[in-house]
Amino acid sequence: MLIRTPAPHEPLPSEITPRRVYLNRRTALAGLGLVAASPLALSQAAPGGGKLPKLPGARSAVPGAMVMEKVTSYADATSYNNFYEFGTDKADPAQHAHTLKTRPWTVSIEGECAKPGRFDIEALLKLAPMEERVYRLRCVEGWSMVIPWEGYSLAELLKKAEPTSKAKYVEFTTLADKAQMPGVRSGVLDWPYVEGLRIDEAMHPLALLSFGMYGEVLPNQNGAPLRLVLPWKYGFKSAKSIVKIRFVEKEPMSSWTKAAQQEYGFYSNVNPNVSHPRWSQATERRIGEDGLFAKKRPTLMFNGYEAQVGQLYAGMDLKKFY
Ligand code: MTE
């Protein structure tokens, strides 16, 4: 309500037509038997695109890490994206992110910690055993996907830096380079894209530092070479293409909160009972199930991860801390 700039929830006119055309084409092809009409087996990972280097991960043993639901197709997960550094249309990242250079890449770790430093991406890839986790991702706009990710718990990296007792929060800053990212020339957000977590959220084993998906390295449009995946929070908390991690004492101001405080809170936990000021969050559209007669799914508290993360928010008024 406050801003009229395109926000992650607002379908742009330019987005609507291609999506509808795309869906109609899918429906038509399904009718002809040219696309799989029946779902893949439960929790079976859809094959990757086969163009990127392989990045296998061992099945995760972290409780809640393996959702037993049909996995979204690789084609959908890599062509319907939010990555505003490459444009605000859903198709923009797949089209433009080839200009992103993912090597060399370093992540600096700063702030309230005993061992700050710079980590090279090659060292990060070897820092902990690579796991595969199948997570739901629920976007604040009202759609969701189920994606097999490769990575390890963010805590594995954070603990190497030995955060001090003053490290109450963690701030994540992502790359903002006009030369590589055409969207950064626009004023749609105050760049760089910044996100934040409370330290106990960041240390939760489900908070994933991801380097791959579908058994391959991350495609650029999905946040290469490394990103967060926070399955119990709205998708915009899962910052892509991270370059800096900072331990801080005060709650960081994230880019979307800065853009529209009433609409995007610091916590942004998936919550069907707390509506966005302009629409309900009670249901969602699962990408790939959105044919003409597909029903919306009920959105689950904490996106279905309440058993694992609910304790982090015990006693908090989730309407106030949205
Ligand atoms: N990270 C950066 N740097 N820039 C972005 O625009 N978009 C966020 C999040 N991370 C975004 C970002 C939003 S709104 C969502 S829903 C997810 O990335 C989308 O991730 P996906 O495209 O891999 O599904």
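Basis of the calculations
- Residues numbered from 1 in each chain as written.
- Predicted model: local features only at pLDDT ≥ 70, side-chain atom pairs only at ≥ 80, totals over all residues.
- Heavy atoms only, no water.
- Helix = DSSP H or I, 4+ residues; strand = E, 2+ residues; numbered from the N terminus.
- Buried < 20%, exposed > 50% of the residue type's maximum accessible area, 1.4 Å probe, protein only.
- Contact = heavy atoms within 4.5 Å.
- Areas by Shrake-Rupley, 256 points an atom, 1.4 Å probe, with all protein chains shown as cover.
- 1 Å grid on protein atoms, 1.4 Å probe; cavity = no way out; pocket = protein on both sides within 12 Å on 5 of 7 lines; lining within 4 Å.
- Points joined across faces, edges and corners; volume = space filled by probe spheres on them.
- Core = buried A, V, L, I, M, F, W, Y, C linked by side-chain atoms within 4.5 Å.
- Near = heavy atom within 4 Å.
- Polar contact = N/O pair within 3.5 Å; in protein donor to acceptor, adjacent residues only side chain to side chain.
- Sits in = over half its atoms within 2 Å of the grid points.
- Nonpolar A, V, L, I, M, F, W, Y, C, P; charged D, E, K, R; others polar.
- Salt bridge = Lys/Arg side-chain N within 4 Å of Asp/Glu carboxyl O.

A short note on the overall build of the protein
Then step 1. Looking only at helices and strands, the protein has eight helices and 13 strands in total.
Then step 2. Counting over 322 residues, the protein shows a buried share of 54%.
Then step 3. Of the contacts made within the protein by residues no fewer than 6 positions apart, 75% connect residues no fewer than 24 positions apart.
Then step 4. When the accessible surface of the protein is totalled, it reaches about 14,300 Å², and 57% of it is carbon and sulfur.

What to know about empty space enclosed by the protein
Then step 1. In total, this model carries one cavity of 30 Å³ or more according to the counting rule given.
Then step 2. Roughly 340 Å³ of volume is contained in the largest cavity.
Then step 3. Residue lining of the largest cavity: 25 residues in total, with Asn82, Phe83, Arg227, Gly235 and Lys240 positioned closest to the centre.
Then step 4. With four residues, the top contributor of residues to the lining of the largest cavity is strand 5 (residues 143–153).

Description of the nonpolar core
Then step 1. Leu154, Phe211, Leu226, Trp232, Ile245 and Phe247 are the most contacted members of the largest nonpolar core, which has 88 residues in total.
Then step 2. It is strand 5 that contributes the most residues to this core, six residues altogether.

Description of the site of the ligand
Then step 1. The immediate surroundings of the ligand are formed by 17 residues, with Asn81, Tyr84, Glu85, Arg227 and Lys240 found nearest.
Then step 2. Interatomic distance of 3.3 Å between a side-chain N/O atom of Thr174 and a nitrogen atom of the ligand.
Then step 3. Relative to its unbound accessible area of 530 Å², the ligand is 99% covered by the protein chains.
Then step 4. At a threshold of 2 Å from the grid points, most atoms of the ligand map onto the largest cavity.
Then step 5. In terms of residue class, the shell around the ligand is made up of eight nonpolar, six polar and three charged.

Quick notes on the pattern of salt bridges
Then step 1. Here the structure, examined in full by the defined rule, presents 17 salt bridges.
Then step 2. One salt bridge connects Arg133 with Glu131, and the closest N-O pair in it is separated by 3.0 Å.
Then step 3. The salt bridge involving Arg138 is made with Glu284; its shortest N-O contact spans 3.2 Å. Of this pair, Arg138 sits in strand 4 (residues 131–138) while Glu284 sits in strand 12 (residues 283–286), and the two are 146 residues apart along the sequence.
Then step 4. Since its relative accessible area comes to 3%, Glu284 is described here as buried.
Then step 5. Look at the salt bridges and you will find they share partners, linking Glu69, Arg136, Arg138, Glu284, Arg286, Glu289 and Arg297 into a network.

A closer look at the environment of Gly117
Then step 1. As for its position among the elements, Gly117 is in strand 3 (residues 117–120).
Then step 2. Between the C-alpha atom of Gly117 and that of Val107, which follows or precedes it by ten residues, the distance is 8.4 Å.
Then step 3. Excluding its chain neighbours within four sequence positions, the residues that come into contact with Gly117 are Val107, Ser108 and Ile109.

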